[in-house]
Every structure is written in structure tokens, then in C-alpha cells.
Amino acid sequence: PGKARRLLLSQLFQPLNLQAGSEVGWEGRAGEPLCRSQKLMLQGGLIHPSSPGCYYYLPPTVRAMEKLIKCRPPPPAPPTSGFRPAAGEIPPSGRWEQMGPELFRLADRHGKGYCLGPTHEEAVTELVAAHSNLSYKQLPLRLYQVTRKFRDEPKPRFGLLRSREFYMKDMYTFDASEEAARQTYDLVCDAYRRLFDRLSLPFVKVRAATGSIGGTMSHEFQLPADVGEDRLVLCPDGHFAANVETLNGEQTSCPTCGKKLTQTRGIEVGHTFYLGTKYSSVSNAVFYSPENKPQLAEMGCYGLGVSRILAASIEVLSTEDSIRWPSLIAPYQLCFIPPKKGSKEEEEGAVLLERVYDNLAEVLPHLASDSVLDDRTQLTIGKRLKDANKLGYPYVVIAGKRVCEDPPVFEVWNQNAGEVLFLTKEGVIELMSKVQVP
């Protein structure tokens with residue numbers, strides 16, 4: 001009574017296949033290459049293929065996504081508001097034709113056309129336009145959601161990096177002037193920078209094409225990676241960065257300092273657009289000025305690929321056989337490994353380790369649900385430590401040979417720092433008191 005319930009690894013729904021080869025799932029059967037993050041997520045029981053480009057998210061992945069959503073960048077003042085669009089017909093923005101076969105289309109029983117939303121510019125602009133008495137005093141208006149999106153990818157691949165169904169945080173902003181809208185744009189870009197810095201991800205912000213979404217200015221937040229689908233050019237001193245699709249001809253030198261541009265590939269994890277009045281003019285999304293005259297709202301739209309950030313972070317931080325998470329979003333922060341069944345440390349070591357688990361949950365309640373006890377005591381400590389390393393727990397606490405000393409000493413692996421510490425119970429609690437969770 002009063003103690004946190006211990007979370008046992010044997011009771012988690014996370015079917016492990018840690019010894020599997022590279023040919024796993026749909027992509028393996030089709031003979032297509034597996035990227036690092038896809039292989040590690042399949043083997044670690046984080047995702048399971050349901051059909052080409054579609055995956056089950058298993059509980060650890062759901063936990064990581066929920067943490068990432070909590071980490072979303074703080075909204076620039078004034079506060080944003082959440083929304084969820086209802087299903088509806090497509091307004092005449094032109095994207096029905098422009099998006100082509102990547103748009104999942106369907107018709108209702110009356111023959112009216114609908115689609116599964118890839119983004120929701122039309123829906124949110126229609127919503128704002130329906131409020132015909134909007135005043136300039138209510139602007140800026142910022143509406144966001146975190147929800148599923150759909151694109152009928154011609155060749156889905158690399159797991160969650162290029163799937164047909166994905167999670168995205170998208171925000172749509174409405175301002176009273178172009179100047180105010182561009183200020184909002186800069187604020188959101190700064191918020192995205194802070195998010196990726198918090199996650200310790202090596203991102204780069206690049207000029208990008210506006211594509212089917214449109215607008216007059218666009219930037220992508222990219223994680224450089226060999227498997228990335230975007231080709232980027234970068235100034236070595238950071239003066240210039242662009243997606244090559246924005247360049248006219250073959251630009252080889254920085255327009256600011258003249259140094260030779262380097263080329264790399266990247267995974268797009270965020271995208272920002274200044275839309276102007278492209279959508280507000282179509283839907284007549286207006287507000288009333290101080291002179292009580294109707295004016296079109298100036299818009300921007302912004303997206304963070306939640307499920308893609310998850311996979312991309314594993315792609316760029318992990319080794320070939322071991323997951324490394326951004327510490328903030330690891331599904332579980334801490335794995336406890338008791339002695340092997342039948343060992344001389346078994347009885348005393350198990351009791352002492354469980355006591356550390358319970359004390360930690362009591363002193364640091366925010367970590368109570370972030371700790372796992374690997375109760376597979378039929379396996380050696382070495383085997384369980386190897387599995388813990390593959391799954392990427394930031395911290396592993398082991399009741400090894402020194403647990404029977406006076407005072408008991410625990411072996412603590414700080415995976416992201418690459419160090420092994422030998423600590424008493426008090427030392428373990430002090431170390432974990434510095435751990436942050438969203």
C-alpha cells in the first residue's frame with residue numbers, strides 16, 4: 001500500500017525480435033533496403049507492419065510520441081488554441097487537382113468527393129471564415145492540432161520516415177497584416193529551433209519550395225542523414241542553406257561569403273510556410289479593421305512531423321544495432337536488472353534492487369512510470385544488459401557482484417554519456433534527480 005506498482009518487462013506488450021536479421025516485414029519481402037531506424041524499430045518491438053506504408057504503433061512508441069507531443073514548442077504569445085477539423089467537401093483552393101494521386105480520395109453515397117487530409121489549410125480557413133464578425137482585436141489567431149495525416153505515397157519506404165499514414169502537429173495562423181504575419185513566422189521558426197535543441201538533434205534550417213501548399217516563403221527543418229530524400233546545399237560557415245529544388249541552375253558558392261557549398265542529404269522533420277492571402281481570399285476569411293472595414297487575414301501554416309521526428313531521431317542518433325533516443329522522449333528512462341536466478345546474489349540483490357526502485361518512485365514520483373524492472377531472471381545479467389542497450393534505455397541499474405557489499409553498490413550505465421558508474425542507493429537517486437521528463 002502506498003507504493004508505486006512495479007512495471008515488469010515481461011508484462012509489457014513489446015514483442016522483441018532483437019536477434020533478427022535485416023529482412024523483416026513487408027519491405028524485406030519486397031526486397032527493398034531497410035534503413036537503420038526501421039530495422040531497429042522492427043526488431044525492438046516498437047512498430048509492426050500492417051500493410052505497405054502502414055504500421056501498428058506498439059506501446060513504447062505511443063509513449064515516446066506522447067512525450068514528444070508534450071515537448072512541442074511553447075506557443076508564441078498570445079496562446080494558441082487546439083482544434084480538430086470535421087470532414088467536409090474540398091473548397092476550391094486548387095489543391096484537389098494539384099496534389100494528384102498522392103491525395104487519398106473517396107466519395108460518399110451521394111457521389112460527393114472527400115479526401116483523407118494530408119494537411120488542413122482549407123478546413124481551418126473555412127472554419128475561421130464562418131465566424132463573420134471576427135475583429136482585429138481577436139488577432140493574431142493561432143490554431144493547432146496533433147492528428148493523423150494521410151498521403152498515398154507511390155513508394156512508401158523506410159518505416160515511419162516515408163509512410164502513408166503519419167502523425168503531424170500542424171498550426172495555422174491568422175494575422176492582421178503582412179508585417180505581423182512575418183513576425184509570427186519568425187516566432188514559430190524560433191520555437192522550432194528551441195524544440196530541436198531540447199531534443200539535441202543536429203538540425204539545419206533550409207530555404208524550401210512552397211509546393212502544392214503554396215505561399216511566398218517556406219523553410220524546412222532537416223536532419224542530415226544518408227537515407228534522407230532531400231538534397232541540401234550548405235555554406236560551411238552557416239550563411240546559406242537551401243533545398244536544391246529552390247535553386248536556379250547549379251549554385252556552387254555561398255551568395256554571402258563566396259565559399260564553396262557542401263552537399264548533403266536530409267530528412268525533413270518540420271516545415272513552415274508564409275501563405276499570405278492564398279487561402280483566406282478563396283474562403284473569404286476576413287476580420288474587421290479599426291475602421292470597421294473587412295480585410296483578408298494574412299496566413300501562415302506550420303508543421304512538425306511527430307512520427308517522423310521519432311524515427312529520424314533514431315536514424316541519426318543510433319548505432320547499427322542499438323537505439324539511442326533523445327533522452328526527453330525515451331519510452332522509459334530507467335531499466336533495473338536484478339541478479340540471475342540461482343546466483344549467489346539472487347536473494348539479497350533482488351530485494352535491494354527492488355528497494356531502490358520503490359525509493360526512487362517515492363522520492364521522484366515523476367519517474368515512477370518511467371522505470372522498468374527486467375524480471376527475466378532466467379537470463380544472465382549480460383544478456384539483459386545487451387537487450388537494454390539495444391532498446392536504448394538512457395539509464396540501466398544493475399544488481400551485480402558488488403550489491404552484497406556494505407553499503408550495497410549498484411552498477412549504473414549512463415547510455416547516452418557512454419559511462420559506467422558504481423553508486424550506492426543514495427547515489428542512484430541523486431543521479432536520477434537530474435533526469436527530465438516532459
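Being a predicted model, the structure only gives us computed values, none of them experimental. (Residues numbered from 1 in each chain as written. Predicted model: local features only at pLDDT ≥ 70, side-chain atom pairs only at ≥ 80, totals over all residues. Heavy atoms only, no water.)

### Here we look at the overall build of the protein chain
Here's step 1: Regarding its fold elements, the protein chain presents 11 helices and 20 strands.
Here's step 2: For the protein chain, with 438 residues in total, the buried portion stands at 50%.
Here's step 3: In the protein chain, the share of contacts with a sequence separation of at least 24, taken over all contacts with a separation of at least 6, comes to 68%.
Here's step 4: Total accessible area on the protein chain is roughly 20600 Å²; 50% of this is exposed by carbon and sulfur atoms.
Here's step 5: Here the protein chain contributes 52 positive and 51 negative side-chain charges, whose respective centroids are spaced 1 Å apart. (Helix = DSSP H or I, 4+ residues; strand = E, 2+ residues; numbered from the N terminus. Buried < 20%, exposed > 50% of the residue type's maximum accessible area, 1.4 Å probe, protein only. Contact = heavy atoms within 4.5 Å. Areas by Shrake-Rupley, 256 points an atom, 1.4 Å probe, with all protein chains shown as cover. Lys, Arg positive; Asp, Glu negative; His and termini not counted. Charge placed at Lys NZ, Arg CZ, Asp CG, Glu CD.)

### Examining helix α11 (residues 425-432)
Here's step 1: Looking at α11, one finds that the buried residues are Gly-427, Val-428, Ile-429, Leu-431 and Met-432.
Here's step 2: On its buried side, α11 packs onto β16 (334-337), α9 (346-363), β18 (395-398), β19 (410-414) and β20 (419-423).

### Let's talk about the confidence of the model for the protein chain
Here's step 1: Of all residues in the protein chain, 92% attain a pLDDT of 70 or more, and the chain-wide mean is 90.
Here's step 2: When mean pLDDT is compared element by element in the protein chain, β18 scores highest at 98, while helix α1 (residues 25-30) scores lowest at 49.
Here's step 3: Confidence drops under pLDDT 50 across residues 21-27; counting only partners more than four residues distant or on other chains, this segment forms 16 contacts. (pLDDT = per-residue confidence, 0-100.)

### A look at unusual backbone geometry
Backbone phi values are negative for most residues with the exception of glycine, while trans is the configuration of most peptide bonds.
Here's step 1: With an omega of 0°, the peptide bond running from Leu-139 to Pro-140 counts as cis.
Here's step 2: With respect to the element layout, Pro-140 can be found in the loop between α5 (121-129) and β6 (141-150).
Here's step 3: For the bond running from Asp-406 to Pro-407, omega is 0°, close enough to zero to count as cis.
Here's step 4: Relative to the helices and strands, Pro-407 is located in the loop between β18 and β19.
Here's step 5: The backbone of Asn-284 shows a phi angle near 60°, a positive value even though the residue is not glycine.
Here's step 6: With respect to the element layout, Asn-284 can be found in the loop between α7 (278-283) and β13 (286-288).
Here's step 7: Accessibility expressed as a relative area gives 48% for Asn-284, which makes it partly exposed.

### Quick notes on the packing of aromatic side chains
Here's step 1: Throughout the structure, instances matching the rule amount to 7 aromatic pairs.
Here's step 2: Ring geometry for Tyr-192 against Phe-221: centres 5.6 Å apart, planes inclined by 65°, an arrangement best described as edge-to-face. One end of the pair, Tyr-192, is in helix α6 (residues 178-198); the other, Phe-221, is in strand β9 (residues 217-224), with 29 residues separating them in the sequence.
Here's step 3: With relative accessibility at 0%, the residue Phe-221 sits in the buried group. (Phe/Tyr/Trp six-rings, centres within 6.5 Å; stacked < 30°, edge-to-face > 60°.)

### So, the sheet that holds β18
Here's step 1: Read from one edge of the open sheet, 5 strands run β17-β16-β18-β19-β20, paired in mixed fashion. Since the sheet does not close on itself, it has two edges, and those belong to β17 (371-373) and β20, each with one partner. Here the strands of the sheet are splayed against their neighbours by 20° on average, with no regard to which way each runs.
Here's step 2: Here β19 pairs with β20 via 5 bridges, running antiparallel. Residue pairing across strands places Phe-410 opposite Leu-423, the latter belonging to β20.
Here's step 3: Sheet strands touched by α9: β16, β17, β18 and β19. Its angle to β16, the strand with the most contacts, is close to 155°. (Pairing = 2+ DSSP bridges. Axes fitted to C-alpha atoms, helices over the stretch in contact; angles between N-to-C directions.)

### Focus: the packing of α9 against α11
How two helices sit against one another is set out by the angle between their axes and by the gap between those axes.
Here's step 1: Where α9 contacts α11, the axes come no closer than 10 Å and their chain directions differ by 40°. The orientation of α9 relative to α11 falls into the category oblique. Pair α9 / α11 crosses with right-handed handedness. For the pair α9 and α11, the contacting residues are Val-356, Asn-359, Leu-360 and Val-363 in the first and Lys-425, Val-428, Ile-429 and Met-432 in the second.
Here's step 2: In the contact of α9 with α11, the residues fall into 6 nonpolar, 1 polar and 1 charged. (Parallel < 35°, antiparallel > 145°, perpendicular 65-115°, else oblique. Left-handed = near helix turned anticlockwise from the far one by under 90°. Nonpolar A, V, L, I, M, F, W, Y, C, P; charged D, E, K, R; others polar.)

### A short note on the pattern of salt bridges
Here's step 1: The full count for this structure, using the stated rule, is 20 salt bridges.
Here's step 2: Taking the shortest distance from any N to any O, the salt bridge between Asp-374 and Arg-376 comes out at 2.9 Å. For the pair Asp-374 and Arg-376, one class covers both residues: buried.
Here's step 3: Between Asp-387 and Arg-376 there is a salt bridge, with the nearest N and O atoms lying 3.1 Å from each other. (Salt bridge = Lys/Arg side-chain N within 4 Å of Asp/Glu carboxyl O.)

### A look at the nonpolar core
Here's step 1: By size, the foremost hydrophobic cluster in this structure holds 45 residues, and its most contacted members are Phe-196, Leu-199, Val-269, Ile-309 and Trp-325.
Here's step 2: Among the elements of the structure, α2 (36-43), β2 (54-57), α3 (59-70), α6, β9, β12 (262-276), β15 (298-305) and α8 (306-317) are those that each provide at least two residues to this core.
Here's step 3: Ignoring sequence-local partners within four residues, the contact set of Trp-325 consists of Leu-46, Ala-64, Leu-310, Ile-314, Leu-317, Ala-330, Pro-331, Leu-391, Gly-392 and Asn-416. (Core = buried A, V, L, I, M, F, W, Y, C linked by side-chain atoms within 4.5 Å.)

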